[in-house]
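Understanding the architecture of this molecule
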Amino acid sequence: MRPAPALAVGGRTLANILSATEWILPTPATQVHTVSVLPSHSSGRKETAKVRFGNFAFSNITTAPKSSGGKGKEQGILRFDMVRDDLLHPLANGNKARKLDALLPLLRRRGATDLITCGGCQSAHAAAVAVHCAEWGIRSHLLLRGEQLDVPTGYNLISLMFGNVTYAAWSVYAHRDEMLYEHAMKVASTNGTVLWADDIVRDDFAVDEEILCENDSRRVVIVKEGAGTVQALLGVMRLVEHLSNLSSFQKDEEIHIVVDAGTGTTAVGLALGAVCLGLHWRVTAVMLADTLERYRELEKSLISDFKGLCHEDCRDMIRADGLVYWVDRFLPRKFGKVLSGEIATCRHVAQQTGILLDPVYTLAAWEQAVDLCRVDSRGAKVVMIHTGGTLGLFGLAQRYPQHFTAANEQSTATFRRVYQTLKAELLHDSAFDFNEDAVQWLDGMLDYNVLGGKLNRGLAVIESYKLLKAGSEPSEDEVFLACILGWGIEWVYIYDDGPMIYLTLGVLVLDDIMDNSQTRRGKPCWYRLPKVGLIAINDGLILRSQISRIFKRYFYGKTYYVDLLDLFNEVEFKTTSGELLDQITTNEGEKDLSKYTTDNKIVFTYCKVACALLLSGWNLDDYVQTTHILVEMGVYFQIQDDYLDCFGDPEDMGKIGTDIEDYKCSWLFVQALACVDEKQKDILFENYGKSDPACVEKVKALYKELNLESVFSQYERETDLRHRSTTE
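Read on for a plain summary of the structure. Predicted model only: the values in this text are computed from it and were never measured.

Re the overall build of the protein
When its secondary structure is counted, the protein shows 30 helices and 18 strands. Classification of the 728 residues of the protein by burial places 51% in the buried group. Pairs at least 24 residues apart make up 77% of the contacts formed inside the protein by residues separated by at least 6 positions. Carbon together with sulfur atoms contributes 51% to the accessible area of the protein, which is approximately 33700 Å² in total.

Here it is as structure tokens:
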């Protein structure tokens, strides 16, 4: 924080200078919203937003109804303010409008008839120039990098509608100054004049507008990419003055300003404004497009230019540099690159707050603001400047369509395509000459048993592998191999509807026969189809036999091939052992659950993550603690499954729960057994394991009498807290 006396510029205060300047924005006013930051405890969200520091729930408490908190001052809630400059203008807003705020009126006053600038194909700066020039009667000429889009959208569409667009090849664009000047000379023609905006700002000359209007000659002004001029600083400093006069921004209050930095001009303008007005502000700029050295050079140059406008008595009051705290993005990358999960984070924020971010610019500032809240929750007030640019999402959707497809939809589509590959390999396996009838049977059997589920187990392998890649996007080959392992999980390890174990899909077919199950995944069990019957036993064995063949085909020769086989063999052993416990405990004529406890249940649920670890080249022996955590999670999910079997909606579950009728060793039964009195125990054993609906209802009524729904809720809360403390 570097407070200083209010700075005089040219013998006047900065406030006097700003009040005497002509602006394109009718007022500097902007909305300021307050965002609360809370740890996310939701387990039912369809899409979880991952940021560097974990999962958080956000709320725009400025716009929230009073009943849900409003803009209150609840103690202990992390929060930061957001300056909503993205709402300044429907098309050209944010810091792009701020930087043009004082510049365009000056250029028009100096007789500009045409303005030339440049930017990327989806440049928000170029679009803002086009829109505001049109509003001020200046012709805009925009040199956009790259090729014309087949379908214009986003800022590219705005530029085409309001300005005159020329596309420049990358090799030409690399020499921006020459490119801009040559194009300006063409626009000016033989009797026109070409000027650089930087020169106009520094020089003290003017052209009579009335004389210019009578003259057909053109006065063409070049504005460099991003409009990083000293005049652009004034528009940003005007914002600082406005904010300093708000009641929510106390004069002596320590404030931590956060902004994303493309050219860096906005950050320098904020810092200079704070110094000139004697504010206790610290400006942190997240570097996105250049090196620290280049940003510091820019800062020094802009400060020098600004001091040139000042009265010499005041120049010493501004240091030459060091006003801005330049920081790297949490996950640095080549400028413009979008990492996996960042679109999901933007969607997450938009859905919870009504604030739209873009992954290239404003998400970087958002991450910094949230992190500052967490690190120093009782210190300086944190304020993020929303620099606009959200229409750039349209361009990103064209450039990175895979990021804008819902993650689960995209992964599921890829996953299903790999299934078709594996199925085709089975149907045309040269090791056995299937006739046409056999091919049709296997085709129907596979689709009936494999495709009916949600595929969560298999998809978890892909998502786990992506997380282990630590921000880098997996190649298509890597994703394909992850899908292969995912189908290994789906074909081999899937939830059984009874005991808390994982079963092979092949064994699952057999398990339905042993349990006399009626439905699975919302449709009749495979063995109950008229033409199937006990042929399902052989079908289950065929499914299981494919796993080793698939793994040999795709993983033989990999360093982790043997470990992969060991992993699946170990889990299969524990699967079948768990099924033995279930079957002998519920064997007709010998049903006795009185000695049953949860310790009898075998849980081995880490196979999904273990597959991803092996695919990433990691040694499973180094992740014993991970195994323990995942086993605990598996216990939780199976207990939840037992609970839903009794109290869940069959339409939501896709099946009718039959644990009570099937005499299953469910968690609910174990809990009931632990707290019943003798009379209740008699009711439980008289009615448990009977298919009579009246008996089933008596058991459910006893569960409710024992308040097992509340017992489960308490278990769920305690488990959630334990898992969070373990993984932090």
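Now that the structure is up, let's keep going.
Structural notes on the packing of helix H11 (residues 265–276) against helix H12 (residues 292–308)
Following both chains from N to C, one finds H11 and H12 inclined at 50°, their axes separated by 10 Å at the closest point. Of the possible angle classes, the one that applies to H11 and H12 is oblique. Crossing hand, H11 versus H12: right-handed. Between H11, through Thr265, Val268, Leu272 and Cys276, and H12, the contact on the second element is made entirely by Leu298, Glu299, Leu302, Ile303 and Phe306.

Looking at the side chain of lysine 423
Relative to the elements of secondary structure, lysine 423 occurs in helix H17 (residues 407–427). Beyond its immediate chain neighbours, meaning those up to four positions away, lysine 423 contacts Asp443, Leu446 and Asp447.

Some points on the sheet that holds strand E7 (residues 139–145)
Across the sheet, five strands lie side by side as E8-E7-E6-E10-E9; this open sheet has parallel pairing. Taken across any chain shown, the strands that pair with only one partner, and hence form the sheet edges, are strand E8 (164–168) and strand E9 (193–196). For this sheet, the mean inter-axis angle between neighbouring strands, taken without regard to orientation, is 25°.

Brief notes about a negative patch on the surface
Among the surface-exposed residues, Asp677, Glu678, Asp682, Glu686 and Glu705 lie close enough to one another that they form a single negatively charged patch. Inspection of the secondary structure assignment puts glutamate 705 in helix H29 (residues 693–705).

Observations concerning the pairing of E8
Across five bridges, E7 lies against E8 in parallel orientation. Bridging from a neighbouring strand, leucine 144 pairs with tyrosine 167 of E8. Of the crossover connections in this fold, the one passing from E7 over helix H5 (residues 154–162) to the parallel E8 is right-handed.

Brief notes about the pattern of salt bridges
Under the counting rule described, the total for this entry stands at 15 salt bridges. One salt-bridge network, held together by shared partners, links Glu22, Arg108 and Arg109.

As for a nonpolar patch on the surface
A surface patch of nonpolar side chains, about 300 Å² in accessible area, is lined by Leu157, Met161 and Phe162. Checked against the element boundaries, phenylalanine 162 lands in helix H5. We classify phenylalanine 162 as partly exposed; its relative accessible area is 35%.

So, the sheet that holds strand E12 (residues 281–287)
Sheet strands line up and pair through hydrogen bonds in the backbone, either parallel or antiparallel. Taken together, the seven strands give an open sheet; going across it, the order is E4-E3-E5-E14-E11-E12-E13, and neighbouring strands pair in mixed fashion. Whereas interior strands pair on both sides, the edge strands pair on one side only; in this sheet they are strand E4 (56–60) and strand E13 (324–328). Neighbour-to-neighbour, the strand axes of this sheet turn through a mean angle of 30°, independent of strand direction. When strand E5 (residues 78–83) meets strand E14 (residues 381–385), the two strands line up parallel, connected through three bridges. Across the sheet, residue methionine 82 finds its bridge partner in E14, namely methionine 384.

What to know about the nonpolar core
Counting 49 residues, the largest nonpolar core has Phe551, Phe555, Leu567, Phe568 and Cys611 as the members making the most contacts within it. Those elements that place two or more of their residues in this core are H17, helix H18 (436–450), helix H19 (456–468), helix H20 (476–492), helix H22 (535–555), helix H23 (561–585) and helix H24 (607–615). No other element matches the nine residues that H20 contributes to this core. Apart from residues lying up to four places away in sequence, cysteine 611 is in contact with Val461, Leu485, Ile489, Leu564, Leu567 and Phe568.

The rules behind the values
- Residues numbered from 1 in each chain as written.
- Predicted model: local features only at pLDDT ≥ 70, side-chain atom pairs only at ≥ 80, totals over all residues.
- Heavy atoms only, no water.
- Helix = DSSP H or I, 4+ residues; strand = E, 2+ residues; numbered from the N terminus.
- Buried < 20%, exposed > 50% of the residue type's maximum accessible area, 1.4 Å probe, protein only.
- Contact = heavy atoms within 4.5 Å.
- Areas by Shrake-Rupley, 256 points an atom, 1.4 Å probe, with all protein chains shown as cover.
- Axes fitted to C-alpha atoms, helices over the stretch in contact; angles between N-to-C directions.
- Parallel < 35°, antiparallel > 145°, perpendicular 65-115°, else oblique.
- Left-handed = near helix turned anticlockwise from the far one by under 90°.
- Pairing = 2+ DSSP bridges.
- Patch = residues over 30% accessible without salt bridge, like charges linked within 9 Å, V, L, I, M, F, W, Y side chains within 5 Å.
- Salt bridge = Lys/Arg side-chain N within 4 Å of Asp/Glu carboxyl O.
- Lys, Arg positive; Asp, Glu negative; His and termini not counted.
- Charge placed at Lys NZ, Arg CZ, Asp CG, Glu CD.
- Right-handed = clockwise from strand over helix to strand, strands pointing away.
- Core = buried A, V, L, I, M, F, W, Y, C linked by side-chain atoms within 4.5 Å.

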